[in-house]
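# Breakdown of the fold
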Amino acid sequence: MTNLQSEFKHLMAACLMMGVCVAMGLPSASADASDDLNGLDIRPEDKADVCDPDIPQIRVDVFGVEPEGILLVELYGDDTDHFLEREGRLRRTRVPASTSPQRVCINIDAPGTYAVASYHDQDGDRKLDKKWNRLPAEPFALSTNPKLKLRKPRLNEAAFEAGVLGADIELQLRD
């Protein structure tokens, strides 16, 4: 791939993610266009929200991302029994991985206690690869960047408070 093709690929991925392709005179955003553009399985329901500091949302800056594969960001509510489980997940987004830091925004309905989990799906297979001991084999992070132990993280270790306009958080991916 040439440098120009690579730059175009990243521009298209960014505009698809933000939904501004038509305004830029580029092809419209669709699952097919996204798949054809970068070969990633990113579906319409995976789309992140447009970042806006004037509305209630969690604005996540993810550090340590490389421009390959998919960046996944999940939002969890104040449910200690279902943290990091499907039942506790409020929203899951998948976007083409870009250069670090990468911003992903998720709208919220109300202020409250939330937690965010993220991982860099480097091979783009829509699954978190795991090591033999069930720890992540791909770069991952939790809100508040807690020191991890040899057990499943607890909500109180990753929880943060979002106000009327949400919250801005930073995640540092780690292996």
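A short tour of the structure in this document, coming up. (Residues numbered from 1 in each chain as written. Predicted model: local features only at pLDDT ≥ 70, side-chain atom pairs only at ≥ 80, totals over all residues. Heavy atoms only, no water.)

Moving on to unusual backbone geometry. Geometrically, the link from Ser 100 to Pro 101 is a cis peptide bond, its omega value of -5° lying close to zero. At Leu 84, a residue that is not glycine, the phi angle is positive and equals roughly 65°. Looking at the secondary structure, you find Leu 84 in the loop between β2 (70–76) and β3 (89–96). When its relative accessible area of 30% is taken as the criterion, Leu 84 is described as partly exposed. Phi at Asn 145 takes a positive value of approximately 45°, unusual for a residue other than glycine. Turning to its location among the elements, Asn 145 is positioned in the loop between β6 (140–142) and α3 (155–158). (Helix = DSSP H or I, 4+ residues; strand = E, 2+ residues; numbered from the N terminus. Buried < 20%, exposed > 50% of the residue type's maximum accessible area, 1.4 Å probe, protein only.)

In this structure, Ile 58, Val 60, Val 62, Leu 71, Val 73 and Val 116 are the most contacted members of the largest nonpolar core, which totals 22 residues. Those elements giving two or more residues to this core turn out to be β1 (57–63), β2, β4 (102–107), β5 (112–121), β7 (160–162) and β8 (166–172). The residues touching Val 116, leaving out its near neighbours within four places in the chain, are Ile 58, Val 60, Val 73, Glu 74, Leu 75, Ala 141, Leu 142, Ser 143, Phe 160, Ile 169 and Leu 171. If you look at the next biggest cluster of nonpolar residues, it comprises seven residues, including Tyr 76, Phe 83, Ala 117 and Leu 155. (Core = buried A, V, L, I, M, F, W, Y, C linked by side-chain atoms within 4.5 Å. Contact = heavy atoms within 4.5 Å.)

Burial of β1 is extensive: six of the seven residues sit out of reach of the surface. Where β1 and β4 come together, six bridges link them in antiparallel fashion. Its bridge partner lying in β4, Ile 58 is registered against Ile 106. When β1 meets β8, the two strands line up parallel, connected through seven bridges. Opposite Phe 63, over in β8, you have Gln 172 as the bridge partner. (Pairing = 2+ DSSP bridges.)

Attention now moves to the pattern of salt bridges. Scanning the model with the defined rule gives twelve salt bridges in all. The partner of Arg 59 in a salt bridge is Asp 168, with the nearest N and O atoms 2.8 Å apart. Of this pair, Arg 59 sits in strand β1 while Asp 168 is found in strand β8, placing the two residues 109 residues apart along the sequence. For Arg 59, a relative accessible area of 4% puts it in the buried group. Residues Arg 89 and Glu 74 are paired through a salt bridge, measuring 3.1 Å at the closest nitrogen-oxygen approach. (Salt bridge = Lys/Arg side-chain N within 4 Å of Asp/Glu carboxyl O.)

One pass over the full model with this rule turns up one disulfide. In this model, Cys 51 is linked to Cys 105 through a disulfide, with the two sulfur atoms separated by 2.0 Å. Negative torsions about the S-S bond denote left-handed disulfides, and the value of about 105° found for Cys 51 with Cys 105 makes this one right-handed. In this pair, Cys 51 is assigned in the loop between α2 (31–38) and β1 and Cys 105 in strand β4, connecting sequence segments 54 residues apart. Among the residues examined, Cys 51 registers a relative accessible area of 33% and is labelled partly exposed. According to the relative accessible area criterion, Cys 105 is buried, its value standing at 0%. (Disulfide = S-S within 2.5 Å.)

For the structure shown, the criterion picks out one aromatic pair. The interplanar angle of 75° and the centroid separation of 5.4 Å between the aromatic rings of Tyr 76 and Phe 83 together place this pair among those described as edge-to-face. Using a relative accessible area of 2% as the deciding quantity, one classes Tyr 76 as buried. According to the relative accessible area criterion, Phe 83 is buried, its value standing at 2%. (Phe/Tyr/Trp six-rings, centres within 6.5 Å; stacked < 30°, edge-to-face > 60°.)

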